[in-house]
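# Fold and geometry: a report
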Amino acid sequence: MHPKQMRYLIRRPQAFIRHQVTGQLPRTVRPQSPLITLLESMHHHQRLRYRGIRLSPELGYQTGHQFHSAEQLLRWLKPSDQMIEGEPWPAESFRIKRFVSTLTLEDLQRHSAQHPEQEGRK
């Protein structure tokens, strides 16, 4: 049993009773999106150099939220490696579910106020 599942059962009596009666644990899901895949492919230090990122439908999210760095954005998109199914996290409600385009660093640069390629030009 994953610790998140145990915590979920402890905090929700109805889920705990369902587990006692049926033996079924709450399912875990792994947050996924093309933007999460792109950000995870980057090294931590590289994510810190992308600043002022504004989300948009072109990145797969129906919001205009702005983040200080790509690292902060990744933590908002994916607060944990495993989430409990049905338990909401902030980014999931804004994710465009049918968005499956592969994103590149150029896509991220278009939505960033500052990125490493700009630093090289100064």
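Below is a short write-up of the structure. Small disclaimer: the values here were computed from a predicted structure and weren't measured.

## Examining the overall build of the protein chain
Across its full length, the protein chain holds seven helices and four strands. Mapped from its N terminus to its C terminus, the protein chain presents α and β elements in the order α-α-β-α-α-β-β-α-β-α-α. Here the C-alpha atoms of the protein chain give a radius of gyration of 18 Å, more than 25% beyond the 14 Å that 2.2 N^0.38 yields for 122 residues. Dimensions of the protein chain, computed from C-alpha atoms along their principal axes, come out at roughly 65 × 30 × 20 Å. Considering the protein chain as a whole, with its 122 residues, one finds that 39% of them fall into the buried category. In the protein chain, the proportion of contacts linking residues at least 24 apart, taken out of those at least 6 apart, comes to 64%. Total accessible area computed for the protein chain in this model is approximately 7,700 Å², and 51% of it derives from carbon and sulfur atoms. Separation of charge centres in the protein chain, based on 19 positive and 11 negative side chains, amounts to 6 Å.

## Notes on helix α3 (residues 34–41)
Looking only at α3, the buried set comprises P34, L35, I36, L38 and L39. Contacts from the buried residues of α3 go to α4 (44–49), α5 (70–77) and α6 (105–110).

## With respect to the packing of aromatic side chains
The final tally for this structure, using the stated rule, is two aromatic pairs. Relative to W76, the ring of F67 lies with its centre 5.1 Å away and its plane at 45°, an arrangement referred to as tilted. Taken individually, F67 and W76 each receive the classification buried, so the pair is uniform in this respect.

## Comments concerning the nonpolar core
The nonpolar side chains of soluble globular proteins are, as a tendency, buried together. Among the nonpolar cores identified, the biggest contains 23 residues, and L35, L39, L55, L73, L77 and L108 are the most heavily contacted of them. Breaking this core down by element, the ones donating at least two residues are α3 and α5. Looking at this core element by element, the count peaks at five residues for α5. When residues no more than four places from it in sequence are discounted, the contact partners of L39 are R47, A70, L73, L74, L77 and L108.

## Digging into the pattern of salt bridges
For the structure shown, the criterion picks out seven salt bridges. For K78, the salt bridge goes to D81, with nearest N and O atoms at 3.4 Å. According to the relative accessible area criterion, K78 is buried, its value standing at 2%. Across the salt bridge formed by E92 and R95, the nearest N and O atoms sit 2.8 Å from each other. The structure contains a network of salt bridges with shared partners spanning R30, E40, K78 and D81.

Conventions used here
Residues numbered from 1 in each chain as written. Predicted model: local features only at pLDDT ≥ 70, side-chain atom pairs only at ≥ 80, totals over all residues. Heavy atoms only, no water. Helix = DSSP H or I, 4+ residues; strand = E, 2+ residues; numbered from the N terminus. Rg over C-alpha atoms; globule rule 2.2 N^0.38 Å. Buried < 20%, exposed > 50% of the residue type's maximum accessible area, 1.4 Å probe, protein only. Contact = heavy atoms within 4.5 Å. Areas by Shrake-Rupley, 256 points an atom, 1.4 Å probe, with all protein chains shown as cover. Lys, Arg positive; Asp, Glu negative; His and termini not counted. Charge placed at Lys NZ, Arg CZ, Asp CG, Glu CD. Phe/Tyr/Trp six-rings, centres within 6.5 Å; stacked < 30°, edge-to-face > 60°. Core = buried A, V, L, I, M, F, W, Y, C linked by side-chain atoms within 4.5 Å. Salt bridge = Lys/Arg side-chain N within 4 Å of Asp/Glu carboxyl O.

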